[in-house]
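# Structural overview for review
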Amino acid sequence: MRSVPCRGLDKPWSVITFGCWQIAPSGGWGDYCSPEDAEASVKTALEGGITAFDTAEGYGDGESERRLGKALGSQKDEVLITSKIWPDADLTLASYQERLEGTLRALDRDLTAALGRPVRLQNDANCFAISEATMGIAKNYPFVFGVILGTGIGGGIIINGKIHHGRTNIAGEWGHHTLHQNGKKCYCGKKGCVETYISGPALEQHWKEITGKTQSLSEIVKSPMNSDFLKWRQEFLDNFGTALANVIDILDPDVIVLGGGVSNIEFLYSDGIKNVYEKVFSDLVDTPILKNILGDSAGVFGAALLD
Ligand SMILES: [Zn+2]
């Protein structure tokens, strides 16, 4: 079975995923797969090299998850299991948390029970933002926009020490606002998202398109100031400038903090800021754009600060 790497996961994913809907009873289909057959099917899939299993809390009211968990037994640590929140879930963090915990219990993976303490969920950009706003470089600013510029791009909005989630929990997701209407295709289904231009992989890809060379970002920024480098740098600065100017125009935060691998590029704090200011609506713009001080630990600190 061929496997492919999957961004953000440390295990490869088999190219064939085992769909678990029909191993559970369903309103339309009935319960034609017995628990024994379900177990046998999952074991056959494992023997065939399948390492990815797709299930949902709504498949047979969790019975699919229970049967999958039982069939996987001690092999749960070796596979990837995707689950889904049923559309009737409330669009709140508490509801997602409750549903996910239900899934983990059905899979016999009850983190709350295993750890003996409540489990809280939050995305990495919000964790980064709240840690920098509480104990990092932005701790003296009431309204903080934290940005992760890394493999992906995320953002978090902190107002008076609290994460602002928004009505549908997407507040701060600036990585997927449109920079170029008919731009590069993004995995999210849209075109021209910020992430497809100024994430680490996007910048490396653009360098390859200009020069034909495959180099890491840290190597690229050490390149001589030739025309290729200046072109790459200017396009990067223009995209960075527009993306953050849009944020300032809409939110006007007291400070913006940059994190993630791309935030280590020094020219963002000189020419980058200049480019942002040129594109902001107000001539009075002086929003500080600062490098984080908590480094790679910011997300972990932020997770510990969740209430
Ligand atoms: Zn996108």
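Bear in mind the structure is a predicted one, so any value in this text is a computation, not a measurement.

Take the overall build of the protein next. Across its full length, the protein carries eleven helices and ten strands. Oriented by its inertia axes, the alpha-carbon framework of the protein measures out at about 70 × 45 × 35 Å. Per-residue burial over the protein gives 33% buried out of 307 residues. Within the protein, contacts between residues at least 6 apart in sequence are counted, and of these 65% link residues at least 24 apart.

Time to look at the pairing of strand β7 (residues 153–159). Extensive coverage of β7 is indicated by the burial of six of its seven residues. If you look at the hairpin formed by strand β6 (residues 143–149) and β7, you'll find three residues sitting between the two strands. Where β7 and strand β8 (residues 162–163) come together, two bridges link them in antiparallel fashion. Along β8, the bridge assignment pairs I158 with I163.

Glancing now at helix α2 (residues 63–72). The element α2 is largely enclosed, with a buried count of eight among its ten residues. Residues of α2 that are buried sit in contact with α1 (35–47), β4 (52–54) and α3 (93–106). Directly after α2, the chain includes G73, whose backbone phi takes a positive value near 50°.

Another aspect to go through is unusual backbone geometry. You will see that N169, though not glycine, has its phi angle at about 65°, which is positive. Position of N169 among the secondary structure elements: in the loop between β8 and α6 (195–198). For N169, a count of 14 C-beta atoms within 10 Å corresponds to the partly exposed category.

Counting 44 residues, the largest nonpolar core has V144, V194, I198 and V257 as its most contacted members. Those elements that place two or more of their residues in this core are α5 (124–135), β6, β7, α6, α7 (200–211), α9 (227–251), β9 (255–259) and α10 (271–279). The dominant element in this core, judged by the number of residues it contributes, is α9, at seven residues. One finds A24, A52, A71 and I81 within the second-largest nonpolar core, a separate group that totals 19 residues.

Another aspect to go through is the domain arrangement of the protein. By domain assignment, the protein separates into domain 1 (3–115) and domain 2 (124–305). Relative placement of domain 1 and domain 2: their C-alpha centres are 35 Å apart.

In this section: the pairing of β6. Along β6, six of the seven residues are buried, which leaves the element largely enclosed by surrounding structure. Bridge count between β6 and β7: seven bridges; the pairing is antiparallel. Bridge assignment links V147 to a residue of β7, and that residue is G155. Both β6 and β9 contribute to a ladder of five bridges, which runs parallel. The partner of F145 across the bridge, within β9, is I256.

The next thing to look at is the sheet that holds β9. With respect to topology, five strands assemble into an open sheet ordered β8-β7-β6-β9-β10, the strand pairing being mixed. On the outer flanks of this sheet lie β8 and β10 (289–291), each paired with one strand and no other.

Here we come to helix α11 (residues 298–305). Of all the residues in α11, the buried ones are A298, G299 and G302. Projection of α11 onto a plane perpendicular to its axis shows the buried side chains occupying an angular sector of 95°, all on one side. Buried residues in α11 make contact with α5 and β9.

This next bit is on the environment of A129. Inspection of the secondary structure assignment puts A129 in helix α5. Taking the number of C-beta atoms within 10 Å as the measure of exposure, A129 has 32 and is therefore buried. Not counting chain neighbours up to four residues away, the residues in contact with A129 comprise V144, G146, G156 and I158.

Procedures and definitions
- Residues numbered from 1 in each chain as written.
- Predicted model: local features only at pLDDT ≥ 70, side-chain atom pairs only at ≥ 80, totals over all residues.
- Helix = DSSP H or I, 4+ residues; strand = E, 2+ residues; numbered from the N terminus.
- Buried ≥ 20, exposed ≤ 12 C-beta atoms within 10 Å, placed from the backbone.
- Contact = placed C-beta atoms within 7 Å.
- Pairing = 2+ DSSP bridges.
- Core = buried A, V, L, I, M, F, W, Y, C linked by C-beta atoms within 7 Å.
- Domains from an automatic or database assignment.
- Arc of directions from axis to C-beta.

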